[in-house]
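# A closer look at the structure
What follows is each chain in one-letter form.
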Amino acid sequence: MTDRPRGRARQPGPAPTKRPYHGQPKGPRHERPFKQRGERRKPHARTVHELDPRRAAFETLRRMKPGDLLEPAVQATLKYQGHNPEAAHRVLPMLEDAVRFAFLFDHLVAHLSSRPPGELDPDVRAALHLFLAWYLLDDPRAAYAHGNAAVDLLTPDHKGRGFVNALVRRLGEFVRVEQAEPEDYRRLVAAHQPPPLWPDRARLGDGRMLVAERAIFPDPAKELAAHLSIVGSLPRWLVERLIEQHGPEAATQVAISTIERPATWVRPNPLSAGWQELAQWWTARGTSVEAVKTPFDATALALPAKVRNLTEHPGWALGAFYVQDYSAQLVAPALQARPGEMLLDLCSAPGGKAGHLAELTGDRAKILACDVTEPKIELIRQNVARMGYRSIAMVQADAAEVKFPEQFDRVLVDAPCSNSGVLARRVEARHRIDENAVRDLNALQLRILENAAANLKPGGALVYSVCSILLDEGPDVIHRFLRGKVGETRREDLGWEVEYENYQLPVPAWHDGGYVARLRAP
């Protein structure tokens, strides 16, 4: 999916007729120019020019529960305030920063406050987090102005105004920002070297570094999990599990990747255009484009993380490309689909992988895209229409329970997961997942995988993928599936086997992570 359309100012309607000095209004009720007793008139929507993004971000943040999706939360706030929800793009960047670095910001506040951050008034905590987002990630030179703006977010009679005022002044002195050239993470990863860590500084992304006046972070050599939890702004349990499952070097790489914005990846549609002509348009307008070969001999295009002219490309409306991360572009090819086959894509929304299957089969397979809610089906429908695929049909059904009258040659399962491999993009997910949620997801993932197998022809191929890098949601689910029984016999004893498996750890400022495996039925 790409950026939402930009908000547009709503033009004011015609001026209402003046109310007469005396007498009763005449004509039918809908022609009356002023409100009658008991009659309610809908207020006129405000224009985006009246929108105060900082106030909207504060009102959203103070009401958000851990893990709430950012865009719907912002849109709800704007709608409540009488603004066009399409103006969310003016609020989201600062809110994303505050949510992404919440654990880091709490750590900074804890060093200067006598009260633990968790015990602060929600309005006070939201104002402090937004101040740090503005100061550290927007304009460090305007600390005083940002502090005034943070204090003004609270009502005049709020008891926390003095506390916020004192703390933002101290924070502005306690930490500063240094700007350097962005690190070459790809070189470090290729050399199997973890990014360096320090006890007095933390990365803020894109070469920007937070520097404290003294060492305030745990020593990474002695307390790596505690250090990464703060500077990577991740739950402690998640960091400990990453270290246990992938080792300290890989866990450091993953933690840093969650705060560095990855590239914007484009999948060219070979049914519509070649990647060279797509890249040429961006290059001619000063946007850097890097062509990257995938293991399946396809070409993915990497654009800057903050590229804004995606929908302006003439190929957008013609379905010449689809916005999809590099790691996600490795899922559909693993199915090895062929023209003429019947393919099932469970958990399909927003339809990117179903569309990829259509491209790989020359739009000559029979693809059924399935998901559980009508809004998700509508999202698939919109993407299929824009891309121009003709081989994809859609059905609303529960992936864990649906049984189709005919079995399929190949089935793709992109299962619901913790999103632990895509935390750089889905910044709110780090506050949503916990160990209990992962256990619940494991049970759901196994149910969906078992139901996918029930809809597969004998000898067919089944691809299971998640955008998670936890072993619990990847290989462990596959192993539980193979050890599961059909009747009295384990599936692995019946002839089920793993033909292909790939783990992709996220690379900071480059791409997301995920897991994919292909199973062959007996």
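A brief structural summary. It should be emphasised that the depicted structure is a prediction, and the values quoted were computed from it without experimental measurement.

### Comments concerning the overall build of the chain
Tallying secondary structure elements over the chain gives 18 helices and 16 strands in all. Taking 2.2 N^0.38 as the reference for a compact globule, 522 residues should give roughly 24 Å; the C-alpha atoms of the chain span a radius of gyration of 26 Å, in line with that estimate. Dimensions of the chain along its principal axes, counting C-alpha atoms only, are 80 × 75 × 55 Å. Across the 522 residues in the chain, those meeting the buried criterion constitute 54%. Across the chain, contacts joining residues at least 24 apart in sequence account for 72% of those joining residues at least 6 apart.

### Comments concerning the pattern of salt bridges
Where side chains of opposite charge bring their charged atoms close, a pairing between them can arise. All chains considered together, the criterion is met by 33 salt bridges. For the salt bridge of glutamate 178 with arginine 201, the shortest nitrogen-to-oxygen distance reads 3.6 Å. Separated by 23 residues along the polypeptide, glutamate 178 in strand S1 (residues 175–179) and arginine 201 in strand S2 (residues 201–205) bring together distant segments of the chain. Classification of glutamate 178 by relative accessible area gives partly exposed; the value is 30%.

### As for the sheet that holds strand S6 (residues 299–303)
The sheet built from four strands is open, its strands ordered S5-S6-S4-S7 with antiparallel pairing. In the strand order of this sheet, the two ends are held by strand S5 (290–293) and strand S7 (321–323), each with one partner. Each adjacent strand pair in this sheet contributes to an overall mean axis angle of 30 degrees, direction not counted. Pairing analysis gives three bridges linking strand S4 (residues 264–268) to S6, with the strands arranged antiparallel. Note that in S6 the partner of tryptophan 265 across the bridge is alanine 302. Those strands touched by helix H14 (residues 352–360) are S4 and S7, and its axis lies near 35 degrees from that of S4.

### With respect to the packing of aromatic side chains
Enumeration according to the criterion identifies 11 aromatic pairs in this entry. Here the aromatic rings of tryptophan 316 and phenylalanine 321 are separated by 5.7 Å at their centres, their planes lie at 55 degrees, and the arrangement is tilted. Residue tryptophan 316 is classed as buried on the basis of its relative accessible area of 17%. Assessed through its relative accessible area of 0%, phenylalanine 321 is described here as buried. Aromatic rings pair up to connect Trp281, Trp282, Trp316 and Phe321 into one cluster. Sitting over the face of the ring of phenylalanine 163, arginine 115 holds its NZ or CZ atom 4.3 Å from the ring centroid.

### Observations concerning the nonpolar core
Counting 81 residues, the largest nonpolar core has Leu104, Phe105, Leu108, Leu128 and Leu136 as the members making the most contacts within it. Examining the composition of this core, we find that 12 residues originate from one element, helix H5 (residues 122–137), more than from any other. Sequence-distant contacts of leucine 136, that is, excluding residues within four places in its chain, are made with Phe105, Leu108, Val175, Val177, Leu204, Arg208 and Leu210. Core analysis: the next-biggest nonpolar cluster, separate from the first, contains 36 residues, Cys347, Val402, Leu449 and Leu462 among them.

Calculation rules
Residues numbered from 1 in each chain as written. Predicted model: local features only at pLDDT ≥ 70, side-chain atom pairs only at ≥ 80, totals over all residues. Heavy atoms only, no water. Helix = DSSP H or I, 4+ residues; strand = E, 2+ residues; numbered from the N terminus. Rg over C-alpha atoms; globule rule 2.2 N^0.38 Å. Buried < 20%, exposed > 50% of the residue type's maximum accessible area, 1.4 Å probe, protein only. Contact = heavy atoms within 4.5 Å. Salt bridge = Lys/Arg side-chain N within 4 Å of Asp/Glu carboxyl O. Pairing = 2+ DSSP bridges. Axes fitted to C-alpha atoms, helices over the stretch in contact; angles between N-to-C directions. Phe/Tyr/Trp six-rings, centres within 6.5 Å; stacked < 30°, edge-to-face > 60°. Lys NZ or Arg CZ within 6 Å of the ring centre and 35° of its normal. Core = buried A, V, L, I, M, F, W, Y, C linked by side-chain atoms within 4.5 Å.

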